[in-house]
Amino acid sequence: DQQVKQNSPSLSVQEGRISILNCDYTNSMFDYFLWYKKYPAEGPTFLISISSIKDKNEDGRFTVFLNKSAKHLSLHIVPSQPGDSAVYFCAASGTGTASKLTFGTGTRLQVTL
Amino acid sequence: ETGVTQTPRHLVMGMTNKKSLKCEQHLGHNAMYWYKQSAKKPLELMFVYNFKEQTENNSVPSRFSPECPNSSHLFLHLHTLQPEDSALYLCASSQEVDRGSNQPQHFGDGTRLSIL
């Protein structure tokens, strides 16, 4: 039973446009959410996180939105750049289990010229 | 120098071999983790160490044996592995495992393991 789901395995966006990556979760005990980016032959790189006490967190071109009632989070990248092409993983952890990150299967983003 | 370094990057071994994966972190963190990523599956947590003490074993078979001699080094000793153990093994570190605060985990580039 997958507790963190990324239902879109891939996404293609034109350079300069907005990329929106989605993630759904089922465990209501999750209270900390993260996005990681992964290039081929490299490990995941931490991108941005959000705690359940917030509904938005912004860092430069990256914004994460959290909708707790829908158990949904999204990552917005504006404007998208070719260097953003990578696999993006959503992850979550819960109160008292901060060490246990549960990951989604990832979405491959391709930013085209 | 990268924050979390894993060696070797690639490893091919037979089912009867014994080998070890090494992870070293230069971030001053106190918690270290082993993850497994199989094809088309999400990353799976295997082990967690906090201040050199193992705090989590996620029902991992005994043919995988972790060792954490200090907060900067983590090993994964492998013996009599099965073909289904072929995967990418990732090490990560974070400041510490603290139930009261959230800190991101930082990953190494992984060891790609193939079992013949």
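Each chain carries its own residue numbering, running from 1 in the direction its sequence is written. Chains carry letters and ligands carry numbers; both start at the beginning, A for chains and 1 for ligands, and go up in the order they are written. Note on the predicted model: pLDDT of at least 70 is required for a residue's local features to be given, and 80 or more for side-chain atom pairs to be given and counted; whole-chain, interface and lining totals, by contrast, use all residues. Excluding hydrogens and water, the side-chain figures rest on all heavy atoms present in the structure.

Chemist: Would you take a moment to explain the overall build of chain B for this structure?
Modeler: For the purposes of this entry, the term helix denotes a DSSP run of H or I that reaches at least four residues, the term strand denotes a run of E that reaches at least two, and both are numbered from the N terminus. Tallying secondary structure elements over chain B gives 0 helices and 11 strands in all. In chain B, the order of α-helices and β-strands from amino to carboxyl end is β-β-β-β-β-β-β-β-β-β-β. It is over C-alpha atoms that the radius of gyration is taken, and the globule rule equals 2.2 Å times the number of residues to the power 0.38. Relative to a compact globule of 116 residues, whose C-alpha radius of gyration would be 13 Å, chain B shows 14 Å and is just as compact. Dimensions of chain B, computed from C-alpha atoms along their principal axes, come out at roughly 40 × 30 × 30 Å. Exposure is judged per residue with a 1.4 Å probe applied to protein chains only, and the accessible area is read against the type maximum: over 50% gives exposed, under 20% gives buried, and values in between give partly exposed. Buried positions account for 47% of the 116 residues belonging to chain B. Contacts were defined at the residue level, with two residues in contact if any of their heavy atoms lie within 4.5 Å. In chain B, of all internal contacts separated by at least 6 residues, the share reaching a separation of at least 24 is 55%. Only carbon and sulfur atoms are counted for the fraction: they give 46% of the accessible area of chain B, which is about 5,700 Å². Methods summary: accessible areas were calculated by the Shrake-Rupley approach with a probe of 1.4 Å, and residue burial reflects only the protein chains presented.

Chemist: Sorry if this is basic, but what is going on with the sheet that holds strand β7 (residues 62–67) of chain A here?
Modeler: Residues and elements named next belong to chain A. Strands qualify as paired when DSSP identifies two bridges or more between them. Reading across from one edge, β1-β3-β8-β7-β6 is the order of the 5 strands in this open sheet, with antiparallel pairing throughout. Looking at strand neighbours, the two that pair on one side only are β1 (4–5) and β6 (56–59), the edges of this open sheet. When strand β3 (residues 19–25) meets strand β8 (residues 72–77), the two strands line up antiparallel, connected through 6 bridges. Bridge assignment links Ser19 to a residue of β8, and that residue is Ile77.

Chemist: Honestly, the packing of aromatic side chains in this entry has me stumped. Any pointers?
Modeler: Centre distance and the angle of the planes are the two values used to describe a pair of aromatic rings. Under the pairing criterion, centres of Phe, Tyr and Trp rings, with the six-membered ring standing for Trp, must be within 6.5 Å; the plane angle then separates stacked pairs below 30 degrees from edge-to-face pairs above 60, leaving the rest tilted. Overall, the coordinates contain 10 aromatic pairs over all chains when judged by the stated rule. Ring geometry for Phe103 of chain A versus Phe107 of chain B: centroids 6.0 Å apart, planes at 80°, classification edge-to-face. Of the two residues, Phe103 of chain A is situated in strand β10 (residues 97–103) and Phe107 of chain B in strand β10 (residues 106–107); the pairing between them involves two chains. Considering the side-chain rings of Phe64 of chain B and Tyr89 of chain B, the 5.8 Å spacing of their centres and the 35° angle between planes classify their relative orientation as tilted. Residue Phe64 of chain B is located in strand β7 (residues 64–70), and its partner Tyr89 of chain B is located in strand β9 (residues 87–94); the two are separated by 25 residues in the primary sequence. We note that Phe64 of chain B, like Tyr89 of chain B, is buried.

Chemist: What should I look at first to understand unusual backbone geometry in this one?
Modeler: Most of the time, phi is negative for any residue but glycine, and the peptide bond is trans. Omega for the peptide link from Val78 of chain A to Pro79 of chain A comes to -15°, which places this bond in the cis form. Its place among the elements puts Pro79 of chain A in the loop between β8 and β9 (86–94). In this chain, Thr7 of chain B is followed by Pro8 of chain B through a cis amide linkage whose omega measures -10°. Tracing the chain through its elements places Pro8 of chain B in the loop between β1 (4–7) and β2 (10–13). If you check the backbone angles, Phe51 of chain B has positive phi at about 50° while not being a glycine. Mapped onto the fold, Phe51 of chain B is located in the loop between β5 (44–50) and β6 (53–57).

Chemist: How should the interface of chain B and chain A be read in this particular structure?
Modeler: Often, the extent of an interface is quoted as the loss of accessible area on bringing the components together. With 25 residues of chain B in contact, the opposing surface of chain A contributes 21 residues. Note on definitions: buried area is the accessible-area loss of two parts on being combined, 1.4 Å probe, summed for both. When chain B packs against chain A, close to 1,700 Å² is buried across both sides, 59% of that on carbon and sulfur atoms. Just to be clear on terms, a salt bridge is a Lys or Arg side-chain nitrogen sitting within 4 Å of an Asp or Glu carboxyl oxygen. Remark: the boundary between chain B and chain A carries 0 salt bridges. Definition of a polar contact: a pair of N or O atoms within 3.5 Å, with one able to donate and the other able to accept a hydrogen when the atoms are protein atoms, and with sequence-neighbouring residues admitted only if both atoms are side-chain atoms. Taken together, the connections running from chain B to chain A amount to 3 residue pairs in polar contact (both at pLDDT 80 or more). Contributing elements (two or more residues each) for the side of chain B that touches chain A: β4 (31–37), β5 and β9 of chain B.

Chemist: Is there a simple way to think about the environment of Leu34 of chain A in this case?
Modeler: Along the chain, Leu34 of chain A falls in strand β4 (residues 30–38). Each C-alpha atom, one on Leu34 of chain A and one on Phe46 of chain A, is 7.6 Å from the other, the two residues being 12 residues apart in sequence.

Chemist: How should I be thinking about the state of the cysteines in this particular structure?
Modeler: Think of a disulfide as a covalent bridge from one cysteine sulfur atom to another cysteine sulfur atom. A pair of cysteine sulfur atoms is labelled a disulfide when the two atoms are within 2.5 Å. On inspection of all chains with the given rule, the structure shows 2 disulfides over all chains. Cys23 of chain A shares a disulfide with Cys90 of chain A; S-S distance 1.9 Å. Measuring handedness by torsion sign, the sulfur bridge of Cys23 of chain A and Cys90 of chain A sits at about -55° and is left-handed. Taken together, the residues Cys23 of chain A in strand β3 and Cys90 of chain A in strand β9 connect sequence positions 67 residues apart. Note on accessibility: Cys23 of chain A and Cys90 of chain A belong to one class, buried. One disulfide bridge connects Cys23 of chain B with Cys91 of chain B, the sulfur atoms lying 1.9 Å from each other. Judged by the sign of its S-S torsion, about -75°, the cystine formed by Cys23 of chain B and Cys91 of chain B is left-handed.

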